[in-house]
Amino acid sequence: MANLNIDSIKDRTFDAIVIGSGISGGWAAKELTEKGLKTLVLERGRDVRHIKDYPTANMYPFEFEHRGELPLSVRKENPIVNRCYAFDETTQHFFVKDHEHPYIQEKEFDWIRGYQVGGRSLLWARQTQRWSNYDFEGPARDGFAVDWPIRYEDIAPWYSHVERFAGIAGNRDGLAELPDGEFLPAFPLNAVEEYFGKQLREKFKGRHMISARCAHLSNPQPIHLEQGRAQCLSRTLCSRGCPLGGYYSSNSSTLPWAEKTGNMTLRPFSVVHSILYDENKGRATGVRVIDSNTKEDIEFYAKIIFVNAGSLNSNLILLNSTSSRFPNGLGNDNGLLGKYIAFHNYSASISAEYEGFKELTTDGRRPTGGYVPRFRNVFRQETHFLRGYAAGFSAYRSMETDQSGFGTVLKDKLLNPRLGPWRVGSHMMGETIPKESNHVRLDSEQKDPWGIPLLRISVSYDENDRKLKKDYHEQFQEMFHAAGFTNIRPHDQPRAPGLDIHEMGGVRMGKDPKTSLLNKWNQLHTCKNVFVTDGACMTSTATQNPSLTYMALTARAANYAVEEFGKKNL
Amino acid sequence: MKRRSAIRHLAVIAGGIALLPSCIGSGESASIQLSQITISPEQEKLLAEIAGTLIPETGTPGAKELGVHLFVLKMLDDCYEKGDQEQFLQGLDRLEKIARERYGKGFIGCSTAEREQLLTAMENNEGLPEEIATFYRIMKHRTVQGYLNSEYVMTRERVYEMAPGRYNGYYPVKENIAS
């Protein structure tokens, strides 16, 4: 049993520990190792090596036994993850199955997880819009949550830092509400999308339709080639893992970069039970890990701990890190840990057709679409609801086949499809207001297979969310009418919170230790060598897809941690 | 090497489903491994003929030649509720009975015109028993899907591009595909 390497405290001691290897953990690993810190990266799931462990990446549709569809038994055994749009025969190996990690839904909540090296960075939708000050100032202006302790100016250089490395395609659109960044060439919009953008400019002041900025290498630069990544070829099979490294994932980018420094130790199959706190030193000293293969309990030690387990799991770890100093969870003097959870409201969409541009269609594919930045309540409060929504917008023309009949007639129709009309579609991405009642906490009795308490999740929509949805439908119907679209159909898409996969908060940042958990550097106010930089740190949600902001906050906090480490303050 | 590539070719023709040597020649079960349903070699042959009538050989392979009926069976076995599976098999038997009643022979023995009459009745859902409607709904949907997603069609007819590497949002419509 005795393993001298593992058993020696020295060999289990690092400068820094990063809990989680997903989109933010990957960034913590890169920044810390690059600056010379010996860093242990803990991942609860298995290792996934770039390219080698993407088993379906190069498979043609006809090579899948069920052509991408999941067998009924898999769908029945996994009602939760089966609701995720990206879960199918081609990607299922990157998703946590429902039975693998149970949780308690006090209210219906779809918790979609990817337990492997790289986490959900393999599966994300790769949309990367910056926040503006209209987002950071939101809670203070509108009187909800608490004021963010940072402003756009604090994070802007770090947005640039991560954008240059990750590779973000986009146009410099010059919009105050959606600041420009360090962009590679944007993916093009099509005729109907640009037409709609023009209609908005002419008829709806302050509303815009732009090429959605995304983490794809439209034109790789030396820094990307150095990572071993290549140009995105618009395969649009991203969730299988990209053999080209055409989009940003921890696996293709930050983790191999951290590995090259020689300073990273990556330990898969390591479920973090809790963070160790030393009452005498007044700081965290390490983490307690359960090896998911051997069930062995192991402690690792470091001066700096980054918590990047994924929003709700970061909450869980802190809640489970109890000591006589922190009986209610690490850093939880004010009792707010696990509270003010928020998410994005994706519960509506709208579709239509357009009869113009019959002479045009599209050719090829692209990994992104159009984006309508938030236009409600941006510069001042102007509606009866708080905040607003951004929206995806895309137009497309498909080959369509009349499948009636049989025999040579049917065969001829199948082999000679006709171009259908231009169709347009949009979906809402609404900001939700963090509330104390939307919370997670530990169950007092039930435990998971590693002996860790199950998480109870209690999160729901509210009246503001319903008003937002109604307004989205009204405004987009009006804009679609004004653009001359036909067959306009608003769709109600009821879905539980969580399915947006943008769960945020619970360990929010703020200025005041009485009303927040983290300071402006993402340090726990009362345990300064613990940094939380994944979605758990979010004070409010804005409307933008959040990963880019997690990445920038992580890089910023990691560089601060390195400075403090150098000054022997940590 | 030649034999191996021939086997692979056969597997590909079968719509990506590997044929299992253990079943060949047993004479009692289908040529692919199924876990929920049981299919006799006669039923399998019958399904191949129906698939071939739905999408016939016309100088290019049809659904039967591409082994699409085996894909239909695979999907029926793995992706449907028990009730649908039972109705499918009952519907298949019922169809065979109707063929015998009307034409004095099974579907396989029917002439092309007779087969087409039977399919027309199913296509138009002309007062046939419910199980036949279920059978036809699944059979047709999966035959069309399996055909369109076969290697043959995806590499030679409606070519699937793995990595287009381009997007043109103003591509002129070619006349022969205009609606």
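Above this text sits the structure in question.
Residues numbered from 1 in each chain as written. Chains lettered and ligands numbered in written order. Predicted model: local features only at pLDDT ≥ 70, side-chain atom pairs only at ≥ 80, totals over all residues. Heavy atoms only, no water.

Undergrad: Help me understand the overall build of chain A, please; the structure alone is not making it clear to me.
TA: Summing up its helical and strand segments, chain A has 13 helices and 23 strands in all. Since a compact globule built from 570 residues should have a radius of gyration of about 25 Å, the 24 Å found for chain A is in line with a globular shape. When its C-alpha atoms are laid out on the principal axes, chain A stretches across 75 × 55 × 50 Å. A burial count over chain A gives 63% of its 570 residues as buried. In chain A, the share of contacts with a sequence separation of at least 24, taken over all contacts with a separation of at least 6, comes to 72%. Here chain A carries 71 positive and 68 negative side-chain charges, and the mean point of each set is 2 Å from the other. (Helix = DSSP H or I, 4+ residues; strand = E, 2+ residues; numbered from the N terminus. Rg over C-alpha atoms; globule rule 2.2 N^0.38 Å. Buried < 20%, exposed > 50% of the residue type's maximum accessible area, 1.4 Å probe, protein only. Contact = heavy atoms within 4.5 Å. Lys, Arg positive; Asp, Glu negative; His and termini not counted. Charge placed at Lys NZ, Arg CZ, Asp CG, Glu CD.)

Undergrad: Would you explain the pattern of salt bridges in this entry?
TA: Oppositely charged side chains can pair when the atoms bearing their charge come close. Residue and element names in this part refer to chain B. Following the criterion strictly, the structure yields 52 salt bridges over all chains and no others. Put simply, Glu49 and Arg115 hold a salt bridge, and the shortest N to O gap is 3.1 Å. Of the two residues, Glu49 is situated in helix H2 (residues 41–54) and Arg115 in helix H5 (residues 112–123); the sequence distance between them amounts to 66 residues. By relative accessible area, which is 16% here, Glu49 ends up buried. By relative accessible area, Arg115 is classed as buried at 13%. One salt bridge connects Glu86 with Lys82, and the closest N-O pair in it is separated by 3.5 Å. (Salt bridge = Lys/Arg side-chain N within 4 Å of Asp/Glu carboxyl O.)

Undergrad: I'm lost on the pairing of strand E16 (residues 389–400) of chain A in this one. Help?
TA: For a regular strand, side-chain orientation follows a simple rule: the groups alternate between the two sheet faces. Residue and element names in this part refer to chain A. When strand E15 (residues 370–372) meets E16, the two strands line up antiparallel, connected through 3 bridges. The partner of Gly370 across the bridge, within E16, is Phe393. With 11 bridges joining them, E16 and strand E17 (residues 418–431) adopt antiparallel strand pairing. Of the residues in E17, the one forming a bridge with Ala395 is Val424. (Pairing = 2+ DSSP bridges.)

Undergrad: Is there a simple way to explain the pairing of strand E8 (residues 270–278) of chain A in this structure?
TA: The element E8(A) is largely enclosed, with a buried count of 8 among its 9 residues. The hairpin turn running from E8(A) into strand E9 (residues 283–291) of chain A, its antiparallel successor, is 4 residues long, and A:Gly282 in that turn takes a positive phi close to 70 degrees.

Undergrad: Hey, could you run me through the packing of aromatic side chains in this one?
TA: Each aromatic ring pair is specified by the distance between its two centres and by the angle formed by the two planes. Tallied over the full model, the rule gives 36 aromatic pairs over all chains. Ring centres of A:Tyr60 and B:Tyr160 lie 5.9 Å apart, and the angle between their planes is 75 degrees; on these two criteria the pair is classed as edge-to-face. Taken together, the positions of A:Tyr60 in the loop between strand E2 (39–42) and helix H3 (72–77) and B:Tyr160 in the loop between helix H7 (151–157) and strand E1 (167–172) put the pair across two chains. Overall, the relative accessible area of 29% leaves A:Tyr60 in the partly exposed class. On the numbers, 5.9 Å between centres and 75 degrees between planes, the contact of A:Phe393 with A:Phe480 is edge-to-face. Placement of A:Phe393 in strand E16 and of A:Phe480 in helix H12 (residues 463–482) is noted, with a sequence separation of 87 residues between them. Judged by relative accessible area, A:Phe393 falls into the buried class, the value being 1%. Using a relative accessible area of 0% as the deciding quantity, one classes A:Phe480 as buried. Feature note: the residues A:Tyr195, A:Phe196, A:Tyr354, A:Phe357, A:Phe375, A:Tyr389, A:Phe393, A:Tyr472, A:Phe476, A:Phe480 and A:Phe485 constitute an aromatic cluster, connected by ring pairs. If you follow A:Lys30 out to its NZ or CZ, it ends over the ring of A:Phe165, 4.5 Å from the centre. (Phe/Tyr/Trp six-rings, centres within 6.5 Å; stacked < 30°, edge-to-face > 60°. Lys NZ or Arg CZ within 6 Å of the ring centre and 35° of its normal.)

Undergrad: Looking at this model, I keep getting lost on the interface of chain A and chain B. Mind explaining?
TA: When the parts come together, some accessible area is lost, and that loss is often what is quoted as the size of the interface. Each side of the interface is counted separately: chain A has 51 residues, and chain B has 56 residues. Buried surface at the junction of chain A and chain B, both sides included, amounts to about 4,600 Å², of which 59% is carbon and sulfur. Remark: the boundary between chain A and chain B carries 4 salt bridges. In this structure, A:Glu65 and B:Lys74 form a salt bridge, with 3.4 Å as the shortest nitrogen-oxygen distance. For the pair chain A and chain B, the number of links is 28 residue pairs in polar contact (both at pLDDT 80 or more). Taken together, the elements giving at least two residues each to the side of chain A that touches chain B come down to H3, helix H7 (191–203), strand E14 (360–364), E16, helix H11 (407–415) and E17 of chain A. With 6 residues, the top contributor of residues to the side of chain A that touches chain B is H11(A). When its residues are assigned to classes, the side of chain A that touches chain B shows 22 nonpolar, 14 polar and 15 charged. Across 4 bridges, E14(A) lies against E1(B) in antiparallel orientation. Bridge pairing links A:Leu360 to B:Pro172 in E1(B). (Buried area = accessible area lost by both parts, 1.4 Å probe. Polar contact = N/O pair within 3.5 Å; in protein donor to acceptor, adjacent residues only side chain to side chain. Nonpolar A, V, L, I, M, F, W, Y, C, P; charged D, E, K, R; others polar.)

Undergrad: Is there a simple way to explain the state of the cysteines in this structure?
TA: Linking two cysteines covalently via their sulfur atoms produces the bond known as a disulfide. Residues and elements named next belong to chain A. Inspection of every chain in the model, using the stated rule, returns 0 disulfides over all chains. Of all cysteine sulfurs, the one in Cys232 lies closest to Cys214, which takes part in no disulfide; the gap is 7.4 Å. The thiol of Cys527 is not disulfide-bonded; the next cysteine sulfur, from Cys537, is found 17 Å away. For Cys527, a relative accessible area of 0% gives the class buried. (Disulfide = S-S within 2.5 Å.)

Undergrad: Could you clarify how one ought to interpret helix H4 (residues 82–103) of chain B in this entry?
TA: The α-helix advances 3.6 residues per turn, and as a result positions three or four apart in sequence lie on the same side. Residues and elements named next belong to chain B. Here H4 is 22 residues long and its end C-alpha atoms lie 31 Å apart, about the 32 Å a rise of 1.5 Å per residue gives. Considered for burial, the residues of H4 that qualify are Gln85, Gln87, Phe88, Leu89, Gly91, Leu92, Leu95, Glu96, Ile98, Ala99 and Tyr103. Check the buried side of H4 and you find it contacts H2, helix H3 (68–79), H5 and helix H6 (130–148). Positive phi appears at Gly104, one or two residues downstream of H4, with a value of about 70 degrees. (Expected span 1.5 Å × (residues − 1).)

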